[in-house]
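Summary of the model geometry
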Amino acid sequence: QVSWKLEDHPKLPKGKTIAVVVLDGWGENKPDDYNCIHVAQTATMDSLKQGAPEKWRLIRAHGTAVGLPTEEDMGNSEVGHNALGAGRIFAQGAKLVDLALASGKIYEGEGFNYISESFEKGTLHLIGLLSDGGVHSRLDQLQLLLKGASEHGAKRIRVHFLTDGRDVSDGSSVGFVETIENDLANLREKGVDARIASGGGRMYVTMDRYENDWGVVKRGWDAQVLGEAPHKFTNAVEAVKKLRENANDQYLPPFVIVDEHNKAVGPIVDGDAVVTFNFRADRMVMLAKALEYQDFDKFDRVRFPKIRYAGMLQYDGELKLPSHYLVSPPEIDRTSGEYLVYNGIRTFACSETVKFGHVTFFWNGNRSGYFNPELEKYVEIPSDIGISFNLQPKMKALEIGERARDAILSHKFDQVRVNIANGDMVGHTGDIQATTVACKAADEAVKMILDAIEQVGGIYVVTADHGNAEDMVKRDKCGQPLYDKNGQLQILTSHTCHPVPIAIGGPGLGPDVRFRNDVPDGGLANVAATIMNLHGFVAPNDYEPTLIQVVDN
Ligand code: 3PG
Ligand code: CO
């Protein structure tokens, strides 16, 4: 039985309006031409930095600080927002899948058992992101699963991959496809009928999120399930090389692999088993719904095959979706959002579609919906669809700033929480100029929110979930930009391992409140206790320690 009542903070008052601003993809890095945050005019964020060390500091946002397997793992929005909201560090999907594969437990669980019922007569389809980025999936996990599934009875396997170029370098897809082709050839030698069946770029095929554009999922469905696509090839490596002439890895059009009679080699049909092998939820939930829900009206599925479907993880704990899964997700319980709502904190959360679930679903421990609709209001501002964000780098920053401002000025909320997407979404395009525009727009949105906090005598907490825009190039060990053999700068589209800033302030923050100096390794998980304190509460005992102290004058 959870006791939801939070103790009163001995020194900090209640009743202040707190703005919580998460800048997506906004890390701290040395200034140079490829640090778009440095290059951009970011007067507001620069002024916050002047408050160091008492009101501004850096916190860790990657690796084990956010529950990832190693310190080489860059941060990402899922684990970042989980840590920010939950106030504790949970072993995350990447790690849990590693453990389940290493111990072999993955083959003993309910999920594998369920799909293996189809192995005798049906095909096992594996759908997911082909990448070693470790954000949504990992190549080595797919390799182990292929091997393990065949050893546990799968006789016919089809891989449907999405190419990355977002969490890893553009162009790396070719090597990943070669690796998988090689593994499949090895399986064929052992008598398993194993092949690639379809493919496409993650941003154009299948991996949409937060219902931004169902057309993306439909394109994938047509290729994966119906075996129909505008491009047909007999070889997947050739397919990717050819399609890359007109598109990058993120945006490759869908294609299917066909046999000598021009027939797709791996549509999904009645009696088959399907596994979506991404461990991360946001960009798999839409496909999971299409695969699992009998009633479904988001696009015409044409055919709804009777399959046994399992996710690598369960992607949504509230919807229990999918109902079968190979590995149990991290049990992120007792999040700060839930505690605060129980303690009467009226909460407003807002972002644009592409990040909306970050500041709600991920923040609340991968749980959709409200804890208490009477106290909470979540506002989604529709993102532009069908456009790469380098062409629209200001995105909806202004609109988010305005909605947050209005929420603050309304006095109807105690916490106003936003995610401002620009640094990340434009950073992922690899367009340096556009990312600079993006950072300026994000900074202006922060200003709008801080101005509102000033008016109501409130408090702000400004931080980020992981790095991205502060480094747009790959570098050598000495930090110098790397060039390819044609003398082209090697662009970094991915996140980074840099720390992120956190700043506190506003008229409601007593002059005696400042960052402690005894949590030098503090990370994103320390933020929840900090925010609870600013609302006038002491955080639960097992939360990571607060970053602030109240000094005696
Ligand atoms: C994406 O899904 O866009 C990237 O793989 C990760 O970005 P995010 O973690 O910032 O959402
Ligand atoms: Co990102």
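Residues numbered from 1 in each chain as written. Chains lettered and ligands numbered in written order. Predicted model: local features only at pLDDT ≥ 70, side-chain atom pairs only at ≥ 80, totals over all residues. Heavy atoms only, no water.

Some remarks on the overall build of the protein chain
The test is simple: Starting at the N terminus, helices and strands are each numbered in turn, a helix being any DSSP run of H or I of at least four residues and a strand any DSSP run of E of at least two. The buried label goes to any residue with under 20% of its type's maximum accessible area, the exposed label to any with over 50%, and the partly exposed label to all in between, with areas taken from a 1.4 Å probe on protein chains only. Any pair of residues with heavy atoms lying within 4.5 Å of one another is described as a contacting pair. In short, Shrake-Rupley with a 1.4 Å probe defines the accessible areas, and a residue's cover is counted only from the protein chains shown. Only four residue types enter the tally: Lys and Arg on the positive side, Asp and Glu on the negative side; His and the chain ends are excluded. Every charge is mapped onto a representative atom, which is NZ of Lys, CZ of Arg, CG of Asp or CD of Glu.
Helices and strands together make up the secondary structure of the protein chain, namely 16 helices and 17 strands. By principal-axis analysis of the C-alpha atoms, the protein chain measures approximately 80 × 60 × 40 Å. Counting the 553 residues in the protein chain, one finds 61% classified as buried. Relative to all contacts within the protein chain whose residues are 6 or more apart in sequence, the contacts with residues 24 or more apart total 80%. Summing over all exposed atoms, the protein chain offers an accessible surface of approximately 21400 Å²; the carbon and sulfur share of this is 47%. Seen as two clouds, the 59 positive and the 76 negative side-chain charges of the protein chain have centres 1 Å apart.

Some words on empty space enclosed by the protein
Formally: Note on definitions: the grid is 1 Å and covers protein atoms alone; a cavity is a set of points where a 1.4 Å probe fits but cannot get out; a pocket is an open set with protein on both sides within 12 Å along at least five of seven lines; lining residues have an atom within 4 Å of a point. Grid points are joined across faces, edges and corners, and a volume is the space filled by probe spheres set on the points. Note on residue categories: nonpolar means Ala, Val, Leu, Ile, Met, Phe, Trp, Tyr, Cys or Pro, charged means Asp, Glu, Lys or Arg, and polar means any other residue, Gly included. Domain delimitation follows an automatic or database domain assignment.
The final tally for this structure, using the stated rule, is two cavities of 30 Å³ or more. What the largest cavity holds in volume is close to 70 Å³. Lining of the largest cavity is provided by 14 residues; of these, R166, R209, R280, H428 and H495 occupy positions nearest its centre. Classifying every residue of the lining of the largest cavity gives one nonpolar, five polar and eight charged. When we break the lining of the largest cavity down by domain, the ones giving at least three residues each are domain 1 (18–91 + 332–471 + 497–550) and domain 2 (94–327). The computed volume of the second largest cavity comes to approximately 40 Å³. If you trace the second largest cavity, you find it lined by G337, L340, V341, T347, N364, E376, Y378, Q415 and R417.

Section: the side chain of T44
On the secondary structure map, T44 appears in helix 2 (residues 43–49). Setting aside residues up to four positions removed in sequence, T44 forms contacts with D443, V446, K447 and L450.

Some words on the pattern of salt bridges
The line we're drawing: Any carboxyl oxygen of Asp or Glu within 4 Å of a side-chain nitrogen of Lys or Arg constitutes a salt bridge here.
Tallied over the full model, the rule gives 35 salt bridges. Taking the shortest distance from any N to any O, the salt bridge between K355 and D24 comes out at 3.1 Å. Of the two residues, K355 is situated in helix 12 (residues 353–362) and D24 in the loop between strand 1 (18–23) and helix 1 (36–39); the sequence distance between them amounts to 331 residues. When its relative accessible area of 0% is taken as the criterion, D24 is described as buried. D170 serves as the salt-bridge partner of R244, at 3.0 Å between the closest nitrogen and oxygen. Within this pair, whereas R244 is found in the loop between helix 9 (236–243) and strand 7 (255–257), its partner D170 is found in the loop between strand 4 (156–163) and helix 7 (173–189), the two being separated by 74 residues in sequence. Among the ionic contacts, a cluster of salt bridges with common partners joins R88, D333, R334 and D542.

With respect to the coordination of the cobalt ion (ligand 2)
Rules: Excluding water, the donors of a metal are its N, O and S neighbours within 2.8 Å, or within 3.2 Å for Na, K and Ca, and that exclusion means sites may look incomplete. Only two sets of limits are used to name each site, 85 to 135 degrees for every angle of a tetrahedral four-donor site, and over 155 degrees for opposite donors with all other angles from 65 to 115 for a square planar four-donor or octahedral six-donor site, with any other site named irregular.
Note on the cobalt ion (ligand 2): its protein donors are D424 (OD), D424 (OD), H428 (NE2) and H495 (NE2). The metal-donor distances range over 2.0 to 2.3 Å. Seen from the cobalt ion (ligand 2), its six donor atoms lie at angles of 59 to 170°, and the figure they make is irregular. Every donor residue of the cobalt ion (ligand 2) comes from the same chain, spaced as D-x3-H-x66-H. Placement of D424 in helix 14 (residues 422–427) and of H495 in the loop between strand 14 (459–464) and strand 15 (500–505) is noted, with a sequence separation of 71 residues between them. There is no split in this pair, since D424 and H495 are both buried.

As for the sheet that holds strand 10 (residues 325–327)
Just so we agree on the cut-off: Criterion used throughout: strands pair if DSSP finds at least two bridges between them. To get an axis, a line is fitted to the C-alpha atoms, and for a helix only the part in contact is used. The angle between two axes follows their N-to-C directions and goes from 0 to 180 degrees.
The eight strands are arranged 6-7-5-4-3-8-9-10 in an open sheet whose pairing can be described as mixed. A strand with exactly one partner marks an edge of an open sheet, and here the two such strands are strand 6 (231–233) and strand 10. Pairwise comparison of adjacent strand axes, ignoring direction, gives a mean angle of 20° for this sheet. With two bridges connecting them, strand 5 (residues 193–201) and strand 7 associate as antiparallel partners. Opposite S198, over in strand 7, you have V256 as the bridge partner. Sitting on the sheet, helix 6 (residues 139–151) is in contact with strand 3 (124–130), strand 4, strand 8 (273–276), strand 9 (308–313) and strand 10, with an inclination near 170° to strand 3. Against the sheet, helix 9 engages strand 4, strand 5, strand 6 and strand 7, with an angle of about 140° to strand 6.

A closer look at the domain arrangement of the protein chain
Here is the rule we go by: Computed with a 1.4 Å rolling probe, the buried area is the accessible surface lost when two parts are put together, summed over both parts. Here a polar contact is taken to be a pair of N or O atoms separated by no more than 3.5 Å, where protein atoms must pair a possible hydrogen donor with a possible acceptor and residues adjacent in sequence count only if both atoms sit in side chains.
Structurally, the protein chain comprises domain 1 (18–91 + 332–471 + 497–550) and domain 2 (94–327). At the interface, 26 residues of domain 1 touch 23 residues of domain 2. Taken over both partners, the interface formed by domain 1 and domain 2 buries close to 2000 Å², and the fraction arising from carbon and sulfur atoms is 53%. Taken together, the links from domain 1 to domain 2 amount to six residue pairs in polar contact (both at pLDDT 80 or more). Breaking the side of domain 1 that touches domain 2 down by element, the ones donating at least two residues are helix 3 (77–86) and helix 12.

Some thoughts on helix 13 (residues 397–409)
How we decide: A helix's residues, less one, multiplied by 1.5 Å, set its expected span. What the arc describes is the spread of directions from the helix axis to the C-beta atoms.
Here helix 13 contains 13 residues, and its C-alpha end-to-end distance of 18 Å stays within 8% of the 18 Å for a straight helix at 1.5 Å per residue. Of the positions making up helix 13, those classed as buried are A397, I400, G401, A404, A407 and I408. One side of helix 13 holds all its buried residues, which, seen down the axis, span an arc of 130°. Of the surrounding secondary structure, the elements contacted by the buried residues of helix 13 are strand 1, strand 11 (347–352), strand 12 (376–381), strand 13 (415–420), helix 14 and helix 15 (432–456). Following helix 13 by one or two positions, H411 has its phi on the positive side, about 60°.

Thoughts on the packing of helix 8 (residues 214–224) against helix 10 (residues 285–292)
Rule in force here: Put simply, angles under 35 degrees are roughly parallel, angles over 145 are roughly antiparallel, angles from 65 to 115 are roughly perpendicular, and the rest are oblique. Working rule for handedness: look at the near helix, and if it is turned counterclockwise from the far one by less than a right angle, call the crossing left-handed; if clockwise, right-handed.
Interaxial distance between helix 8 and helix 10 falls to 10 Å at its minimum, and their mutual angle equals 55°. When the axes of helix 8 and helix 10 are compared, the pair comes out oblique. Relative to helix 10, helix 8 is oriented so that their crossing is right-handed. Here helix 8 contributes W214, V217, W221 and Q224 to the contact with helix 10, which in turn contributes M286, L287, A290 and L291. Residues that form the contact of helix 8 with helix 10 fall into these classes: seven nonpolar, one polar and no charged.

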